Amino acid sequence: MTSQPMIRTPDQRLRVFVSSTLGELSPERAAVRGAIEGLRLAPVMFELGARPHPPRELYRAYLGQSHIFLGIYWQRYGWVAPGEDVSGLEDEYRLAGERPRLLYIKGPAPDREERLGGLLREFQDDDQASYKRFETPEELGRLVADDLAVLLSERFEATAARGEPGERAPSTAPPAPLTETVGRTEAIAQAAGLLDAGTRLLTLTGPGGIGKSRLALEVARDVSEAFPGGIHFVALAAVSDPTLVLRTVADRLGARTEGSRSIGEAIVEHLGSRRSLLLLDNLEQVVEAGPDLVSLLERAPALHVLATSRQALRVRGEHEVPVTALPLPQADAALDALRKEPAVRLFVDRARAVSPNFALTADTAPAVAEICRRLDGLPLAIELAAARVRLLSPSALLARLEDRFDVLARGGADVPERQRTLRSTIDWSYELLDEAERALFARLSVFVGGCTLEAAEAVCGGALVEDVMETLASLLNKSLLVVSGEATTGEPRFRMLETVRAYARERLGASGEAAEYQRRHLDRFAALADRAQPFLCGPGQREWAVIDPERANIRAAIATALGRDDDATAIEIVWDLLVYYEIRDAPDEPWGWVGQIVARDRPLDELSTAKVRSGLAITCNQRGDFETARGHLLWSLERFREHRLDFEVAVTLMQLGFVYYAVDGDLEAAAGVLDEASRLYDSVGHDWGVAVCETTLGLMFALLAGDLTRSEEHEQTALAHARRIANDPLTGRALTHLGLVRLLGGQHRDAIECLRDASEVLRVGGYQADGVPCLLVLGGLARATGDSTAAARALLVAEEMRARLGTSMWPYATTLRAALQGELGSAALDALAAESRGRELFAMIGETLAAVEAAGAAGTGTEPAHA
């Protein structure tokens, strides 16, 4: 809007605020006063009259009513009041805001204080200031008179060029981005839609470097036609006092606070009645100004405010829009798909700005995608990384990202200092935290993949953090945490972006508390494993799926235990969670930790050694190394019997039964140890163990002895125990074995029923290890019903999946392969193998089941499958 020129009374002149230490520069202050008054301007100086107000309130009030800031500096930094971080001298400079700043430095200064020297060095980066050096008061007086005269001339010429004599109207248009905005189309539309719908106060929130300012500029550009009164951009990063926010807005707009009018009234009058948008960038350090903004909006019905902040203002009428990171590209995405990913597009665009020949190719794409994932899709981090391609290839850059704060060290010289490095971006947020928030922020870094509120309270409370819940909520509000609902329980989980967690981990290390809170984290997850162990095999198995989101924390706890040479605790966690990892088709993970313990070759107590060796035997059995497993098991069995540990004895006997069955073909020996193991499991109320033993006995009697009656009895017992504890993998396994028994007995329709039920249970749970035998039996059934091609496809996919999982293959697979080799020939099997490679397991199960159901409906294939 165009306002009318201000008509001033004769006593109102431009005011020049004079800042300096008093005693050492008295002659200079007198010379400056003379120069100002010589130009008929008004000097604003403490010595011109005593006032009954505290000094800090007084100079802030004086400065708020002044038009020009003039600073004089020599050797003293000035007094720092109790409770303050800076002297009044530095505070005055920082509160100058958008005013013209004339700075004068006296020399020589052999005794200049260090803090003043640091402040003077900042002047070199102040593009709103003019600074000069002088030696005498007389020289200073001449410089001030000349500089003020030039300044007034420039300002007069500037207003004349605009054709509005006497009006101070600085440009408030938002800056135009020089680079493409990537991946924000939906966010821009959402925010613009809210403003179009009448939202008066819209705050874009998110962590540093997420792209709030860029998004706000794009939103402003998108809605510009809806605001005929203009869009006014005000940068607030340099303002640290909430009471100066409106003053800064007024200065930016050129609104005059004459007479007794308040700053808010001046802004309202300046903007007038036309619909206007005020874009306030970086409010997080002055969020206490929120009520002032609400008051301003109430006085100006046509005004709207779009703000960016790392935390919401939490005031009436505010609508918060969290700004999230860019979507992470998939690890296995094809090149064409990666080219469409926003994070990858951003990297490529910024990389080409420094290296025009950079291209996303089949060679560079995997590394670029992984860089984007490792940097959490954080736009600032991606831009800083892309700027390094002038020196490093993407793969070399990826290798160095472990120390991301050093690699991503400098951004462009034209960006704010707080965003020139990844570290400074997070520093800015960290410095705004209070003591409790800083302590909790650092301690939460011990969690990997996030945590629940209950876990945070259990691990991170203590000195400095009296109320974990309230402090955690504050960190969430300040965008240093993100929250998500856990898929299984719906309980909120709080986590840090990995880049933020790396910074927090550094802070924890510097605090001296790292060892203590890592130990607490280890204790927490060791206790979780101990509590979970009895339920993982029982009716509470589904409820204990809460372990799923904690797998990364369990890994971290194991690493902590091994780092503290606490191998015994690591072994206990592994032992307690054996069944969990079996259920999740990930047995290699715990036994990988056992392998690390074995490789360390540290002394262990006898029982820990027995558990390690029994665990190694499980791995050996799964990989078909049965002789090595036998040695481990016999040694461990002796130790466990000596200590009368029935559960551990049962675990070891069960594994020994696999060896006798798979290697020796000794049905009598295998049945003996498995019967004993089943009785021991039953004696300690361990239905899972009973079911495993019984289903293994049923399989042995079917395949080794051909005793389908005894096999049926054992499998029915296994099925009953599995269903008693709602254990889906074992239910599916027992049903698969029953399907085999019916297949071998020529009862094909009954076999189809068993396998249909088994496949549904296993598919819903995603139990791949037990899905492989199900597919094999379906293959046998397909062959028995006359479809050898379907049988071969099932066999080949099962073999491929078995190799991928690293488990041993059923002996039945050998029988089926030999039969199909004779019927189809090697060439046909090879062709089908190429055709079937990469097929999804459960899709193949569904396809084979459909084929045998169709054949069953047609009444084909009635001969015994083993005939």
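Residues numbered from 1 in each chain as written. Predicted model: local features only at pLDDT ≥ 70, side-chain atom pairs only at ≥ 80, totals over all residues. Heavy atoms only, no water.

Our next topic: the overall build of the chain. Broken down by element type, the chain carries 39 helices and twelve strands. Of all intrachain contacts in the chain linking residues separated by at least 6 positions in sequence, the fraction that spans at least 24 positions is 71%. Counting only carbon and sulfur atoms, one obtains 51% of the accessible surface of the chain, whose full area is about 37,700 Å². (Helix = DSSP H or I, 4+ residues; strand = E, 2+ residues; numbered from the N terminus. Contact = heavy atoms within 4.5 Å. Areas by Shrake-Rupley, 256 points an atom, 1.4 Å probe, with all protein chains shown as cover.)

It is worth spelling out the sheet that holds strand β8 (residues 276-281) at this point. Taken together, the five strands give an open sheet; going across it, the order is β7-β8-β9-β6-β10, and neighbouring strands pair in parallel fashion. Bordering the open sheet on either side are β7 (231-235) and β10 (318-322), each of which pairs with just one other strand. Adjacent strand axes in the sheet meet at a mean angle of 20°, parallel and antiparallel pairs treated alike. Pairing of β7 with β8 involves five bridges; the strand directions are parallel. (Pairing = 2+ DSSP bridges. Axes fitted to C-alpha atoms, helices over the stretch in contact; angles between N-to-C directions.)

With that out of the way, let us pick up unusual backbone geometry. Across the chain, the bulk of peptide bonds are trans and the bulk of non-glycine residues have phi less than zero. That bond from Gly 107 to Pro 108 is cis: its omega, -5°, falls within 30 degrees of zero. In this structure, Pro 108 sits in the loop between β4 (101-106) and α4 (114-123). One non-glycine residue, Arg 40, adopts positive backbone phi at about 60°. Counting through the fold element by element, Arg 40 comes out in the loop between α1 (26-38) and β2 (42-44). Backbone geometry at Arg 644 places phi at a positive 55°, although glycine is not the residue there. Of the residues examined, Arg 644 reaches a relative accessible area of 74% and is grouped as exposed. (Buried < 20%, exposed > 50% of the residue type's maximum accessible area, 1.4 Å probe, protein only.)

Taking 1.5 Å per residue, twelve residues should reach 16 Å; helix α6 (residues 185-196) reaches 16 Å between its end C-alpha atoms and fits that length. Among the residues of α6, Ile 188, Ala 191, Ala 192, Leu 194 and Leu 195 are the ones counted as buried. Each buried residue of α6 sits inside an arc of 155° when the element is viewed along its axis, so together they form one side. Exposed residues lying more than 90 degrees from the buried face of α6 are Thr 185 and Glu 186. In this structure, the buried side of α6 is in contact with β6 (201-205), α7 (212-222), β8 and β10. Of the residues flanking the end of α6, it is Gly 198, one or two places downstream, whose phi is positive at about 110°. (Expected span 1.5 Å × (residues − 1). Arc of directions from axis to C-beta.)

What follows concerns the confidence of the model for the chain. Looking at the chain as a whole, the pLDDT averages 85, with 89% of positions reaching at least 70. In the predicted structure, residues 411-415 sits below a pLDDT of 50 and forms five contacts with residues beyond four places in sequence or in another chain. (pLDDT = per-residue confidence, 0-100.)

It is at 9 Å that the axes of helix α32 (residues 708-724) and helix α33 (residues 728-744) come closest, and there the two elements cross at 160°. The pairing of α32 with α33 is recorded here as roughly antiparallel in orientation. In this structure, α32 meets α33 at a crossing whose hand is left-handed. Between α32 and α33, the contacting residues are Leu 708, Ser 711, Glu 712, Glu 715, Gln 716, Ala 718, Leu 719, Ala 722 and Arg 723 on the first element and Leu 730, Thr 731, Ala 734, Leu 735, His 737, Leu 738, Val 741, Arg 742 and Leu 744 on the second. Here the residues of the contact of α32 with α33 are counted per class, giving ten nonpolar, four polar and four charged. (Parallel < 35°, antiparallel > 145°, perpendicular 65-115°, else oblique. Left-handed = near helix turned anticlockwise from the far one by under 90°. Nonpolar A, V, L, I, M, F, W, Y, C, P; charged D, E, K, R; others polar.)

Working definition: an aromatic ring pair is given by the centre-to-centre distance plus the angle between the planes. Under the definition given, this model contains ten aromatic pairs. Ring centres 5.1 Å apart and planes at 85° place the aromatic pair Tyr 580 and Tyr 581 in the edge-to-face group. With respect to burial, Tyr 580 and Tyr 581 carry one shared label: buried. Cluster of aromatic residues (ring-pair linked, three or more members): Tyr 430, Phe 441 and Tyr 503. Sitting above the plane of the Trp 74 ring, Lys 106 keeps its charged end 4.0 Å from the centroid. Here the basic side chain of Arg 275 rests over the ring of Phe 227, its NZ or CZ set 4.4 Å away from the ring centre. (Phe/Tyr/Trp six-rings, centres within 6.5 Å; stacked < 30°, edge-to-face > 60°. Lys NZ or Arg CZ within 6 Å of the ring centre and 35° of its normal.)

This next bit is on the pattern of salt bridges. Per the counting criterion, the structure on display carries 49 salt bridges. Note that Glu 320 is salt-bridged to Arg 314, the shortest N-O span being 3.2 Å. In this structure Glu 320 comes out as partly exposed when scored by relative accessible area, which is 30%. Here Glu 638 and Arg 639 are joined by a salt bridge, their closest N and O atoms 3.1 Å apart. You can call Glu 638 partly exposed: its relative accessible area is 43%. Taking relative accessible area as the criterion, Arg 639 reaches 9% and is therefore assigned buried. Salt bridges sharing partners connect three or more residues here, namely Glu 516, Arg 519, Arg 520 and Asp 523. (Salt bridge = Lys/Arg side-chain N within 4 Å of Asp/Glu carboxyl O.)

Turning our attention to the state of the cysteines. Applying the stated criterion across every chain, the model contains zero disulfides. Here Cys 460 stays unpaired: no disulfide links it, and the sulfur of Cys 451, its closest cysteine neighbor, is 6.5 Å away. (Disulfide = S-S within 2.5 Å.)

For the rest of this paragraph, the subject is the environment of Gly 509. Positionally, Gly 509 belongs in helix α21 (residues 498-511). For the pair Gly 509 and Ala 442, spaced 67 residues apart in the sequence, the C-alpha separation amounts to 8.4 Å.

The buried count for strand β1 (residues 15-19) comes to four of five residues, which makes it a mostly enclosed element. Relative to β2, β1 runs parallel, the two being bridged by three bridges. Pairing of Arg 15 across the sheet is with Ala 42, part of β2. A crossover links β1 with its parallel partner β2, the connecting element being α1, and its sense is right-handed. Two strands pair when backbone bridges link them, and β1 and strand β3 (residues 68-73) are joined in this way by four bridges, in the parallel orientation. Residue pairing for β3: Ser 19 is matched across the bridge by Gly 71. (Right-handed = clockwise from strand over helix to strand, strands pointing away.)

Now for helix α19 (residues 453-460). When we look at burial in α19, the residues that qualify are Ala 455, Ala 456, Val 459 and Cys 460. Seen end-on, α19 carries its buried residues on one side only, within an arc spanning 100°. A positive phi of about 125° marks Gly 462, the residue just after α19.

This part takes up the environment of Asp 467. Residue position: Asp 467 is located in the loop between α19 and α20 (468-477). When the C-alpha positions of Asp 467 and Ala 436 are compared, they lie 8.9 Å apart, and in sequence the two are 31 residues distant. Within the structure, the side chain of Asp 467 is placed 3.1 Å from the backbone nitrogen of Glu 470, a separation counted as a polar contact. (Polar contact = N/O pair within 3.5 Å; in protein donor to acceptor, adjacent residues only side chain to side chain.)

Grouped together as the largest cluster of nonpolar side chains are 200 residues, with contacts concentrated most on Phe 347, Phe 441, Leu 444, Phe 447, Ile 554 and Leu 577. Setting aside chain neighbours within four positions, we find Leu 577 in contact with Ala 529, Leu 536, Ile 547 and Ile 554. Formed by 50 residues, the second largest nonpolar core is a distinct cluster that contains Leu 58, Ile 105, Leu 116 and Ala 266. (Core = buried A, V, L, I, M, F, W, Y, C linked by side-chain atoms within 4.5 Å.)

Strand pairing in a sheet takes place through backbone hydrogen bonds and is either antiparallel or parallel in direction. Read across the open sheet, the five strands follow the order β2-β1-β3-β4-β5; overall the sheet is parallel. A single partner strand is all that each edge strand has here, and the edge strands are β2 and β5 (129-134). Averaged over neighbouring strand pairs, the angle between their axes works out to 20° when direction is ignored. Lying on the sheet, α1 is in contact with β1, β2, β3, β4 and β5; it crosses β1 at an angle near 170°.

What follows deals with the packing of helix α35 (residues 768-784) against helix α36 (residues 788-805). Where α35 meets α36, the axes come as close as 8 Å, and the angle between the chain directions of the two elements is 160°. Taken together, the axes of α35 and α36 lie roughly antiparallel to each other. Crossing geometry of α35 relative to α36 is assigned as left-handed. On α36, the residues touching Gln 768, Ala 769, Val 772, Leu 775, Leu 776, Gly 779, Ala 782 and Arg 783 of α35 are Ser 788, Ala 790, Ala 791, Ala 794, Leu 795, Val 797, Ala 798, Met 801, Arg 802 and Leu 805. Of the residues contributing to the contact of α35 with α36, the split by class is 13 nonpolar, three polar and two charged.

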